[in-house]
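# Observations on chain architecture
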Amino acid sequence: MTSRADKALVLLSGGQDSTTCLYWAIDKYGADRVTAISFDYGQRHRVELECAAKIAATVGVTYVCLPIDTFSALGGDALTDSEVQVQNELDSVTGLPNSFVPGRNLIFLTYAAAYAYQHDIGHLVAGVAQTDYSGYPDCRRETLDSLQETLRLGMESDVQIHAPLMQKSKKETVELARDLGALDAMGETHTCYNGERPPCGQCAACLLRAKGFEEAGIGDPLLANS
Ligand SMILES: [Zn+2]
């Protein structure tokens, strides 16, 4: 008999970091106790969701995709608003890239916590990191700690939010993926902000990914596949 303390829900975007977290969760809890969840939030690059579904099927975990079609109605960010191009430069006022979708991780984690509550799952796993990241304020540990407390209060639950990559550089994340046997799956992930496969190699996401693999001295299986 498994209890909620033995089960984890991984927020799987189809990208490199969340896929590494999926392998981390399988290593810790076992594939039969891990569920992966994706959000169809109107992202321009639908390929992400196809990657997520494929990766979940490959490792044999339960997979769910929840529709949240509100972000594009809010407007103004480059990942959901087709009028806005992804810029590599930071906004001069906010200091954030325009790929920042305000509230996204908070909303995803809240939906994930609600799903976990209904399915008797005690652990949430998110691939956010505060090192080497794009400056997204919802990727900080203090944001997650605060949200975890709010979710616990608001749901009368003991849900825990895990962020195994929080303190890791991209290099260390690549090394963790290797150690967890996740490198083959990296070839199925999607990172490029411009939605290109093979990846554009120019956007901030592609550059950060390339830097991590290069520093780890490991070839990116995604590039070998393309
Ligand atoms: Zn790119």
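Right, let's walk through the structure included here. The structure presented is a predicted model; accordingly, all values stated were derived computationally and were not measured.

Definitions and limits used
- Within every chain, residues take consecutive numbers counted from 1 along the sequence as written.
- Only residues with pLDDT of 70 or above have their local features reported here, since the model is predicted, and side-chain atom pairs are shown and tallied only from 80 upward, although totals for entire chains, interfaces and linings are computed over all residues.
- Heavy atoms throughout the structure, all of them, feed into the side-chain values; hydrogens and water do not.
- Note on conventions: DSSP H or I runs of at least 4 residues are helices, E runs of at least 2 residues are strands, and numbering of each starts at the N terminus.
- To estimate how far a helix should extend, the number of its residues minus one is multiplied by 1.5 Å.
- Burial classes: relative accessible area under 20% of the type maximum marks a residue as buried, over 50% as exposed, and values in between as partly exposed (1.4 Å probe, protein chains only).
- Each C-beta atom gives one direction from the helix axis, and the arc is the one those directions make.
- In this analysis, strands are considered paired if DSSP registers two or more bridges between them.
- We call a crossover right-handed when, viewed with the strands running away from us, the connection from the first strand over the helix to the second turns clockwise.
- With water omitted from the atoms examined, metal sites may look incomplete; donors here are N, O and S atoms no farther than 2.8 Å from the metal, or 3.2 Å in the case of Na, K and Ca.

Taking 1.5 Å as the rise per residue, helix 8 (residues 204-216) with 13 residues should run 18 Å; its terminal C-alpha atoms sit 19 Å apart, in good agreement. Residues of helix 8 that are buried include every one of Ala-205, Cys-206, Arg-209, Gly-212, Phe-213 and Ala-216, and no others. On an axial view of helix 8, the arc spanned by its buried residues comes to 130 degrees, and they lie on one face. In the stretch just after helix 8, Gly-217 is the one whose phi turns positive, near 70 degrees.

Time to look at the pairing of strand 3 (residues 62-67). Where strand 2 (residues 34-40) and strand 3 come together, six bridges link them in parallel fashion. By the bridge assignment for strand 3, Phe-39 is matched with Leu-66. Crossover strand 2 to strand 3 through helix 2 (residues 47-59) is right-handed.

The next thing to look at is the coordination of the zinc ion. Metal coordination angles in their ideal form are 109.5 degrees for the four-donor tetrahedron and 90 or 180 degrees for the six-donor octahedron. Taken together, the protein ligands of the zinc ion are Cys-192 (SG), Cys-200 (SG), Cys-203 (SG) and Cys-206 (SG), with distances of 2.3 to 2.4 Å. Every donor residue of the zinc ion comes from the same chain, spaced as C-x7-C-x2-C-x2-C.

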